[in-house]
Each structure stands twice: as C-alpha cells, then as structure tokens.
Amino acid sequence: MASTTPTKAARAGELPAAEDSRREFEFSDADFRHLSKLAYDHAGIVLAEGKRNLVYGRLSRRLRTLNLETFRQYRDFLEANEREVQSFINSISTNHTKLFRESHHFDHLRANVAIPFAQAGRSKSGSRMRVWSAGCSSGEEPYTIAMVLKHDIPDIARHDVKILATDIDTDIVAKAVAGEFATSAMDEVPRQYREYFRNKDGEPKGQTVVVNQDVRSLITFRKLNLLGEWPFKGLFDAIFCRNVMIYFDGPTKTRLVERFTQQVRPGGFLYIGHSESLIGGHPGLSLVGRTIYRREA
Ligand SMILES: C[S@@+](CC[C@H](N)C(=O)[O-])C[C@H]1O[C@@H](n2cnc3c(N)ncnc32)[C@H](O)[C@@H]1O
C-alpha cells in the first residue's frame, strides 16, 4: 500500500504529454533543462526527459504560491533567492514510503542486530548501537526500525541506542517528526507492534494514530543532503538507504555506496531498496541477503 498522504503528483494534477497545450504556465525545453540541472547539481536527482510532466506538475503549485506566470520567471526567482532552492527540492522529491516496507529487511535486523545486541547487553547497561535511516521520507522507515529494536531489546532504555533519520526534504522531515499516520497505515503493521501507537488526542478513533513517545525518543530527525558533508563522529551498526539511489545515476550511486561502506562498522549492515542491487564489485561489502550487504570485518 502506498503512503497514506496524497502523492505530490496527485496533488499537483500532472498533465499527460498530449495535454501540453492546456498548460497554465509556459514551460520551455530550456526551462526543463535548467531545472533538471539544478536538481542534479544540488541533490544528485536525475530528471530525464520522461519526467517533464512530473516537474511541471510539482512546480506549478510553487508558481501559483509565488504568483508567477512562467517557468522563466521561476528560474529568475530561484536565481535571486537562494533559499528557494530548498522549496524547489522539496517540491520535486518523491517521498513514497510505508511502514514495514520490504519487511524481510526488518526480519534480518531483528535476527542479526537487535537480538544479538539484547543477548550481549543483558548484563551490562550503556551498550551502544547506532542505526541510520538515510532518505527517511515521512518517517515510516525509522519508526519501523525503532519498533523492531524496542520490541527485541526490552531494556532498551538502559542502553545507548539511537536512530538517526535524515532527508534532504525539509517539509517531509517536519512531517516525520510529528509521528502521525492515518489509521489505515496500521494494516502494514504486524500485530505485535500495534501497541506502539495510540489514537491521536482530540480526533475520532480510527482517523489518525500517533507513535508512542518511548519509540519516538529513540529517533533523531535531521535535514541532510547525502551528497554533502556527513557530520558523524562514529560508525553505524546498520544503515538503511532504500529507494533513494534509484533517483541517482551510476557514478553518484557508486560514490555513495563507497561512503556508506566507510560509515558502517566492520560486521555491520547496509540495506538498500529492492530495485537497487549493487552491480559490480563493491570492495569491502558482501551480499548476505536480498539487497542486504555486510561490511567485511
Ligand atoms: C522514495 S523515498 C524513500 C523512503 C524510505 N527510505 C523508503 O524506502 O520507504 C526517497 C527519499 O529520498 C530523499 N532524497 C532524495 N535525494 C536525496 C539526497 N540527495 N539526500 C538526502 N535525501 C534525498 C527524498 O527526499 C525522499 O524522501
């Protein structure tokens, strides 16, 4: 099931190519090329020719908000207002996600990270674990990780367990922080984890659920562009970067995987999306499951 929020495409009402002439705003080839280059240079996101309507649709709302009449004017606005680049990226990023997406990754996380940690940490407090959800979108991925860890590490509060969740899209990070989901999203959540949600105060039951504070407190949300500097001091026990690299080209993906390899501890795991399997050699990583890689010790 898709994310319960309407997609940006649905909100923006993207037009099929045949309906170009009905467009509200003038949108030239040069405009498309310029905006594609900006997305690539800033975020590594490749917007090939087939994404023209997507770009038009997603940015039309922005033009309306800014009272602009053409994409040429929007380009000028971008040039004059550096801060608009963030709104541009927020508009064009694709945030589709769901709770327990690709659930085999969480079975692996339980068996290979959470349970061994719980067993090793039983007698001593303060044991450290770090997990990174890189490209976390509206939070379904890090909240799933948090629930899995909490469930299998009963005394988690005694330990130093933290999940870092980052995304380039500041609007979606703000949404993630709220930790609210449509009740229908519970269909994806196995029964044993449903106790980590409660009905949102002041709303009729069955509308919105909120993730409980003890689960939320395991996660820190931040804005981070994966192409930029990573301000981390230590290494991660596991990194999730799923359904993010599909928007990047080969060289960007290769470089990113090299950086993830350096950022995960020896013996730790890198989880990537179902359509992103790493072709060719990636020194230091071994494939240990479906789209699961382990950093060699
Ligand atoms: C399709 S969502 C994936 C969400 C989640 N990981 C999952 O698999 O369900 C892709 C996310 O990657 C983010 N993203 C795209 N380019 C990025 C970049 N350069 N740095 C950080 N995040 C980026 C987008 O904003 C979007 O929220």
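The rules behind these values
Residues numbered from 1 in each chain as written. Predicted model: local features only at pLDDT ≥ 70, side-chain atom pairs only at ≥ 80, totals over all residues. Heavy atoms only, no water. Axes fitted to C-alpha atoms, helices over the stretch in contact; angles between N-to-C directions. Helix = DSSP H or I, 4+ residues; strand = E, 2+ residues; numbered from the N terminus. Parallel < 35°, antiparallel > 145°, perpendicular 65-115°, else oblique. Left-handed = near helix turned anticlockwise from the far one by under 90°. Contact = heavy atoms within 4.5 Å. Salt bridge = Lys/Arg side-chain N within 4 Å of Asp/Glu carboxyl O. Buried < 20%, exposed > 50% of the residue type's maximum accessible area, 1.4 Å probe, protein only. Near = heavy atom within 4 Å. Polar contact = N/O pair within 3.5 Å; in protein donor to acceptor, adjacent residues only side chain to side chain. Areas by Shrake-Rupley, 256 points an atom, 1.4 Å probe, with all protein chains shown as cover. 1 Å grid on protein atoms, 1.4 Å probe; cavity = no way out; pocket = protein on both sides within 12 Å on 5 of 7 lines; lining within 4 Å. Sits in = over half its atoms within 2 Å of the grid points. Nonpolar A, V, L, I, M, F, W, Y, C, P; charged D, E, K, R; others polar. pLDDT = per-residue confidence, 0-100. Phe/Tyr/Trp six-rings, centres within 6.5 Å; stacked < 30°, edge-to-face > 60°.

A. Structural context of the packing of helix α6 (residues 104-121) against helix α7 (residues 140-152). Here α6 crosses α7 at 40°, and the two axes come no closer than 9 Å. One way to sum up the angle between α6 and α7 is to call them oblique. Here the hand of the crossing between α6 and α7 comes out right-handed. Contacts between α6 and α7 involve Phe106, Leu109, Arg110, Ala114, Ile115 and Ala118 from the first element and Thr144, Ile145, Val148, Leu149 and Asp152 from the second.

B. Focus on the pattern of salt bridges. One pass over the structure, following the stated rule, counts 19 salt bridges. Measuring nitrogen to oxygen at the nearest pair gives 2.8 Å for the salt bridge that ties Arg62 to Glu84. In this pair, Arg62 sits in helix α3 (residues 52-66) while Glu84 sits in helix α5 (residues 84-92), placing the two residues 22 residues apart along the sequence. In this structure, Arg242 and Glu141 form a salt bridge, with 2.7 Å as the shortest nitrogen-oxygen distance. Of the two residues, Arg242 is situated in the loop between β7 (236-241) and α10 (250-263) and Glu141 in helix α7; the sequence distance between them amounts to 101 residues. Overall, Arg242 belongs to the buried group, its relative accessible area being 3%. Beyond isolated ion pairs, a larger network of salt bridges with shared partners links Asp29, Glu49 and Arg52.

C. Inspection of the site of the ligand at higher detail. By nearness alone, 22 residues border the ligand, and Thr97, Arg101, Gly135, Asp167 and Asn243 come closest of all. Within the contact set of the ligand, an oxygen atom lies 2.5 Å away from a side-chain nitrogen or oxygen of Thr97. Against a free-state accessible area of 600 Å², the protein chains account for coverage of 99% of the ligand. In this structure the site holding the ligand corresponds to the second largest pocket. Counted by class, the shell around the ligand contains eight nonpolar, nine polar and five charged residues.

D. Up close: the confidence of the model for the chain. With 92% of its residues at a pLDDT of 70 or more, the chain has an overall mean of 92. This stretch, residues 1-5, has a pLDDT under 50; its non-local contacts, to residues over four places away or in other chains, come to 13 contacts. This model gives residues 9-13 a pLDDT under 50, and the stretch forms seven contacts once residues within four places in sequence are excluded.

E. Summary view of the side chain of Ser137. One can find Ser137 in the loop between β1 (128-134) and α7. Given a relative accessible area of 6%, Ser137 falls into the buried group.

F. Main features of the packing of aromatic side chains. Using the criterion set out here, one finds 22 aromatic pairs in the structure. Ring geometry for Phe27 and Phe71: centres 4.4 Å apart, planes at 50°, overall tilted. Taken together, the residues span a long stretch of sequence, with Phe27 in the loop between α1 (8-12) and α2 (29-43) and Phe71 in helix α4 (residues 71-80) at a distance of 44 residues. A residue is classified by how much of its surface remains accessible, and Phe27, at 9% relative accessible area, is buried. Look at Phe71 and you get buried, because its relative accessible area is 0%. Seen from their ring centres, Tyr143 and Phe221 are 5.6 Å apart, and the 50° between their planes marks the pair as tilted. Residue Tyr143 is located in helix α7, and its partner Phe221 is located in strand β6 (residues 219-223); the two are separated by 78 residues in the primary sequence.

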